[in-house]
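Listed below are the residues making up each chain.
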Amino acid sequence: MTKRLLALALLNALSTAALADAATDLAAAPDPAGATELDKVVVTGEITYRDRTDDTAPVLVYDLEYFQRFEPRTVGDMLKRVPSVSFISDVLEYDGARLRGLDPGYTQILINGKKVPGAGDDRSFFVDRIPAEVVERIEIVRNASANRSGDAVAGAINIVLRDAYEFDGGYVRAGISHFDDGEIKPTAAVVASGELAGGRVLAGVSHQGRYNPKKKVSLRYDEPGGDFENREDQDDTRDGTDDAFNLSYVRELGAGKLSLTGLLVRTDRTETEHSQEYNDRFSTSRDNLLSINDQVADIEQQNYAVKAEYGVEHANGGKTEVSFNLARMKDDTRNVEEEIGYDDEDAPPSFDGYEGTLLLSALRDRENGATLSHALPVGAAKLEFGIDYLDKRRDFDLRTSEVDTDEEGEPLPPYDDFDLEASRIEERRVDPYLMLSGRGGAFAWETGLRYETTRSRIEAGDDRWDKDYNLPLPSAHLRWDLGDSDRLNLSVARSVRRPNFNYLLPVLREGEYGDNDFIGNPQLELEKAWGIDFGFEHRLGKRGVVGVNLFYRDVEDLIELTNTGDPSETALEDFEEEVEEFLETHPGATPQTPGYPVLDPDSYVFSAANVGDGEVYGIEFDLSTPLTAIGMPNTGVFLNYSWLDSRVDDALGERRFNDQARSVLNVGFIQDLPSIDANFGVSYRRQGRAYARLLAEEVQTRYGADLEAFVEKRFGTQWSVRLTGTNLLNASKDETFHKFDTLGDQIDRDYDEYEIESEKAGAVYQLVARYAW
């Protein structure tokens, strides 16, 4: 029992900055008895709650055990349970994390404190690519500090991987997932840790079968309340696997400690969509068929990140650390879409053509980084200074081939001729920083300055553009301990958001927004924001905690779409047709001829510019505690609720930040039954509606509630079996689309189409067994 309590105490200590020095001292003599035994972590009846950290900056920490009872497959499944994280994804997809409801590009995703490249044009990293098995804890960093990259307007999510020093022993995990269409997918993992070559090593390998079958129905009208136009029925299935390998090695080397970590994740995924469009609200007859569409995307992704860190503690209480890290992201996608169309002017609709498009995309993103830092005592305070270096290169190639045939029953011609679009974006960053922190009585404080400098180069075809960024980012944090149980936190910091990659590339994209075209702007500036967080936290008994936090962001130089004044390709083609028709009836006419057509476009080429300002604000509440106070120590409850709001002014007036959920609610309980070595629990999640207003399109999104439950039985101290159910309410995603051809039509509410779409998925059941040693 003493060993078990010691292990749990050590886990808590390692999650707090205040006891970091004690952990370093313990590492001087690697000993399995000083590490948490994995069987104590994996097969345990004790309920885990949110950690209360000793950081001065506002940070929430959640150990893997906080999430594990509900058997998360990925980091995305974990993050949906924490405050203020929303997703605008398909049902049962948790990929782009939206902290405070903002676009994923406003949230910085870190692995072991370091940036990682992602596939998204908005610089986001899909968190559902990381298996939950490799994670030790999740840290939600609500506001920036000088020793972290300032790309975190909404905040940062630090995914801390399991460390060789902190765990001993091993376990095997195996299970299956059953989906509502009868498909079964396997899951398996092995994790082991122990002494090796004078240090400690932890290695893990995991395989996760991924599958998500969905049904979708779209009803289209000419305008709200108007005439019915067509219905589309769609089957959408995501089928794939995630394979991961992680490694951690720690040992004493000379006067310091060496730490090596690595993570490799490979994703193979096929996305298959089959759609049929009808001109009747209910019929599936060939007499009402308008189109048959099939789309298959084969995706191969590979991510890996490696970090080497060496730290030396000095006799005067100072510490010097140097680290090197590299990360690579590779994405190859083959996306083919083919459609047979039928002419609705005939009854029944007659064959109108068969066309196909093949897209071959290849993305290579690499980041090499290094950090040198030194900390030393200065009187009663601590001074830390350092420099971060990052070299990034992102290469993207897109090959497009389009084919068609007018002969019914004939196959499409081969995809032989391709148009190539190639681009490269390079960024080199050198970011020095300085921090001063201290404690005195009931107060702890931290202040710092980070100066971010970036040299960037954009290449598209034979053209090249250079752009430099230089920006100071000050920060200050204060924690006031009102007593043993209560504390106040105040945090002020400046942060940035870098432009989306597609907004930077000066490549013309025809019909990107209705009839309007888009071309990127390589001279975009950074978005900048001042942020304030003010929170109160109260400890409930020995293990519980309740907190409330108010946040505000004032965003400047917001990147919005702007009209270049140049006519779109559609407008130019329409004008050319008008001229041809005029010349047919007026041979030899010139522009000076009365009645000669004048170019008067209603659609244009749009670009991106730093023309806007915005505000983001909200309230975050979280509770995690056992019910010991009412005589139920084996019952744990958790509740978090976030109210989110914002304001942006665009060409159509005031709106919220696009796709920001109005609220996020998580509530649930876990009941331990120690007399029979079992427990069970229920979790309920509800995300508020979201709204996005883009050029020529407006979208309202609503999600149904998500109910999950689990039951677990333990056999001794080494075996456990857990059954979980996910999406037990068959949640749906319901969207309403307001579509227009031009900005003028959007202002006048002259609709091109009004669409109501509903997507639904069924329940998923997972049975998992674990053996630990």
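Everything here concerns the structure above.
Keep in mind that this is a model prediction, so the values were computed, not measured.

Trainee: Quick question: what am I supposed to make of the pairing of strand β13 (residues 256-278) here?
Mentor: Two faces belong to every sheet, and in a regular strand the side chains alternate between them. In terms of strand pairing, strand β12 (residues 228-253) meets β13 through 23 bridges, oriented antiparallel. Counterpart to D243 in the pairing with β13 is R266. Hairpin connection from β12 to β13: two residues lie between these consecutive antiparallel strands, with G254 at a positive phi of about 65°. With 23 bridges connecting them, β13 and strand β14 (residues 289-313) associate as antiparallel partners. Residue K257 lies in a different strand from β14, and its bridge partner there is G311.

Trainee: What exactly am I supposed to notice about the sheet that holds strand β6 (residues 114-115) here?
Mentor: Here five strands make up an open sheet; going across it, the order is β2-β7-β8-β5-β6 and the pairing mixed. Whereas interior strands pair on both sides, the edge strands pair on one side only; in this sheet they are β2 (59-63) and β6. Relative to strand β8 (residues 155-161), strand β5 (residues 107-111) is paired through five bridges, and the arrangement is parallel. Counterpart to I111 in the pairing with β8 is I159.

Trainee: Would you mind going over unusual backbone geometry with me for this structure?
Mentor: Among all residues save glycine, negative phi is the norm, and among peptide bonds the norm is trans. The linkage connecting A347 with the following residue, P348, adopts the cis geometry, with an omega of -5°. Structurally, P348 is set in the loop between β15 (319-343) and β16 (350-378). In the Ramachandran plot, N112 falls in the positive-phi region, its phi being about 55° despite a non-glycine side chain. With respect to the helices and strands, N112 occurs in the loop between β5 and β6. Even without a glycine there, the phi angle at D557 is positive, about 55°. According to the relative accessible area criterion, D557 is partly exposed, its value standing at 26%.

Trainee: Sorry, what's going on with the nonpolar core here?
Mentor: Buried together is how nonpolar side chains tend to be arranged in soluble globular proteins. Core analysis: the largest hydrophobic core is formed by 52 residues, its most contacted members being V75, L79, I138, I140, I157 and I159. Apart from the residues lying within four places of it in its own chain, the contact partners of V75 are V127, I130, A132, V135, I138 and I159.

Calculation notes
- Residues numbered from 1 in each chain as written.
- Predicted model: local features only at pLDDT ≥ 70, side-chain atom pairs only at ≥ 80, totals over all residues.
- Heavy atoms only, no water.
- Pairing = 2+ DSSP bridges.
- Helix = DSSP H or I, 4+ residues; strand = E, 2+ residues; numbered from the N terminus.
- Buried < 20%, exposed > 50% of the residue type's maximum accessible area, 1.4 Å probe, protein only.
- Core = buried A, V, L, I, M, F, W, Y, C linked by side-chain atoms within 4.5 Å.
- Contact = heavy atoms within 4.5 Å.

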